[in-house]
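Spelled out, the chains give:
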Amino acid sequence: MSDSYTNAKVREALVASQGSRARAQDILLGWAQADDRLLRGLVTPYLKGIVTGTVERVTRAGSGSAAMSTPAPAVPKSSVPKPTVQKPAGRPSAPRQLSPEALDKALSMMGQGVPPRPAAAPPPRSAGALKLGTTNPVPPTKAGAKHQQTMRALAALYARKHQN
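S.K.: Sorry, what's going on with the overall build of the protein chain here?
M.R.: When helices and strands are counted, the protein chain shows seven helices and zero strands. If you list the helices and strands of the protein chain from N to C, you get α-α-α-α-α-α-α. Buried residues in the protein chain amount to 10% of all 164 residues. Across the protein chain, contacts joining residues at least 24 apart in sequence account for 56% of those joining residues at least 6 apart. Carbon and sulfur atoms provide 59% of the accessible area of the protein chain, an area that totals close to 14,500 Å².

Have a look at this one:
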């Protein structure tokens, strides 16, 4: 996010949200839907990861589908423009294995949310000790002897204190 326009918009959203980060995020999401420059400024640092994740998701989910197994249509090489991308020296490039149909599918799925994942069975819950930071969903049916003794002592102390 080295773009000064993007930084200015983020600051503007923070001012509009009175310092609330969550509200500023909502404001920026709304603005980014209407402002391509802002959207590009926000996404540019993460674009490689987005593309990588999308390609992985499509190739993993579509490994047995017709989209991945269908051969690419014959296209003359002269009609396909080749992008001029400079590659860093010393890094071998990976062979391209993604068909044009799979690429089209990946691009069409971008921005449609996260695909549903298969539901995994929840881990079995043990009737172990209560952990800090959790609530006890089932209260004990009967107080233990130590608890009863402590409660009686507290009640007696309270009664003596308020008799005076």
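S.K.: What's the story with the packing of aromatic side chains in this structure? I'm lost.
M.R.: Two descriptors summarise a pair of aromatic rings, namely the distance from one centre to the other and the angle between the planes of the rings. Taken as a whole and assessed by the stated rule, the structure comprises zero aromatic pairs. Lying over the aromatic face of Trp31, Lys9 brings its terminal NZ or CZ to 4.7 Å of the ring centre. In this structure, Arg37 is placed above the aromatic ring of Tyr5, and the distance from its NZ or CZ to the ring centre is 4.2 Å.

S.K.: Looking at this model, I keep getting lost on the confidence of the model for the protein chain. Mind explaining?
M.R.: Caution is warranted with low-pLDDT regions, since their predicted coordinates should not be read in detail. For the protein chain, per-residue confidence averages 74 on the pLDDT scale, and 57% of positions sit at 70 or higher. Considering each helix and strand of the protein chain separately, the mean pLDDT is smallest for helix H5 (residues 66-69), with a value of 47, and largest for helix H1 (residues 4-16), with 92.

S.K.: Mind showing me how you'd approach the pattern of salt bridges here?
M.R.: Oppositely charged side chains can form a pair if their charged atoms are brought close together. If you walk through the whole model with that rule in mind, you get one salt bridge. Glu12 serves as the salt-bridge partner of Lys9, at 3.9 Å between the closest nitrogen and oxygen. Residue Lys9 and its partner Glu12 are both found in helix H1; the two are separated by three residues, about one turn of the helix. Residue classification places Lys9 among the buried positions, given a relative accessible area of 17%. What makes Glu12 partly exposed here is its relative accessible area of 41%.

S.K.: So what exactly am I meant to see when it comes to the packing of H1 against helix H2 (residues 21-34) here?
M.R.: Helices that pack against each other are described as a pair by the angle of their axes relative to one another and the distance between those axes. Orientation of H1 relative to H2, taken along the N-to-C sense of each, is 125°, at an axis distance of 8 Å. The orientation of H1 with respect to H2, classified from their angle, is oblique. Crossing angle aside, the handedness with which H1 passes H2 is right-handed. For the pair H1 and H2, the contacting residues are Lys9, Val10, Glu12, Ala13, Leu14 and Ala16 in the first and Arg21, Ala24, Ile27, Leu28 and Trp31 in the second. Class assignment for the residues of the contact of H1 with H2 results in eight nonpolar, no polar and three charged.

S.K.: Please explain the nonpolar core as it appears in this structure.
M.R.: Soluble globular proteins tend to bury their nonpolar side chains together. Counting six residues, the largest nonpolar core is built from Ala13, Ala24, Ile27, Leu28, Ala32 and Leu38. In terms of residues, this core owes the most to one element, H2, which gives four residues.

Procedures and definitions
- Residue numbers restart at each chain and count upward from 1, following the sequence in its written direction.
- Two thresholds apply to this predicted model, a pLDDT of at least 70 for residue-level local features and 80 or more for giving and counting side-chain atom pairs, whereas whole-chain, interface and lining totals are computed over all residues.
- Side-chain metrics in this entry use all non-hydrogen atoms of the structure; hydrogen atoms and water are not considered.
- Going along the chain from the N terminus, every DSSP run of H or I of four or more residues is numbered as a helix, and every run of E of two or more is numbered as a strand.
- Three labels apply to residues, based on accessible area from a 1.4 Å probe with only protein chains included: buried if under 20% of the type maximum, exposed if over 50%, partly exposed otherwise in between.
- Residues are treated as being in contact if the distance between any of their heavy atoms lies within 4.5 Å.
- Using a 1.4 Å probe, the Shrake-Rupley method yields the accessible areas, and only the shown protein chains count as cover for residues.
- Think of it this way: a Phe, Tyr or Trp ring, Trp meaning its six-membered ring, pairs with another when their centres are within 6.5 Å, and the plane angle makes it stacked under 30 degrees, edge-to-face over 60, tilted otherwise.
- Whether a charge sits over a ring depends on NZ of Lys or CZ of Arg being within 6 Å of the ring centre and within 35 degrees of the ring normal.
- One confidence number per residue, pLDDT, is output by the predictor and ranges from 0 to 100.
- The term salt bridge refers to a pairing of a side-chain nitrogen on Lys or Arg with a carboxyl oxygen on Asp or Glu at a separation within 4 Å.
- Every angle, taken between N-to-C directions, lies between 0 and 180 degrees, and every axis is a line fitted to C-alpha atoms, over only the stretch in contact when it is a helix.
- Each angle is binned into one of four classes, with values under 35 degrees roughly parallel, values over 145 roughly antiparallel, values of 65 to 115 roughly perpendicular, and all other values oblique.
- If you view the pair so one helix is near and one far, a crossing is left-handed when the near helix is turned anticlockwise from the far one by less than a right angle, and right-handed when it is turned clockwise.
- When residues are grouped by polarity, Ala, Val, Leu, Ile, Met, Phe, Trp, Tyr, Cys and Pro land in nonpolar, Asp, Glu, Lys and Arg in charged, and all others, Gly among them, in polar.
- Only buried residues count toward a nonpolar core, which is a set of Ala, Val, Leu, Ile, Met, Phe, Trp, Tyr and Cys residues joined through side-chain atoms within 4.5 Å.

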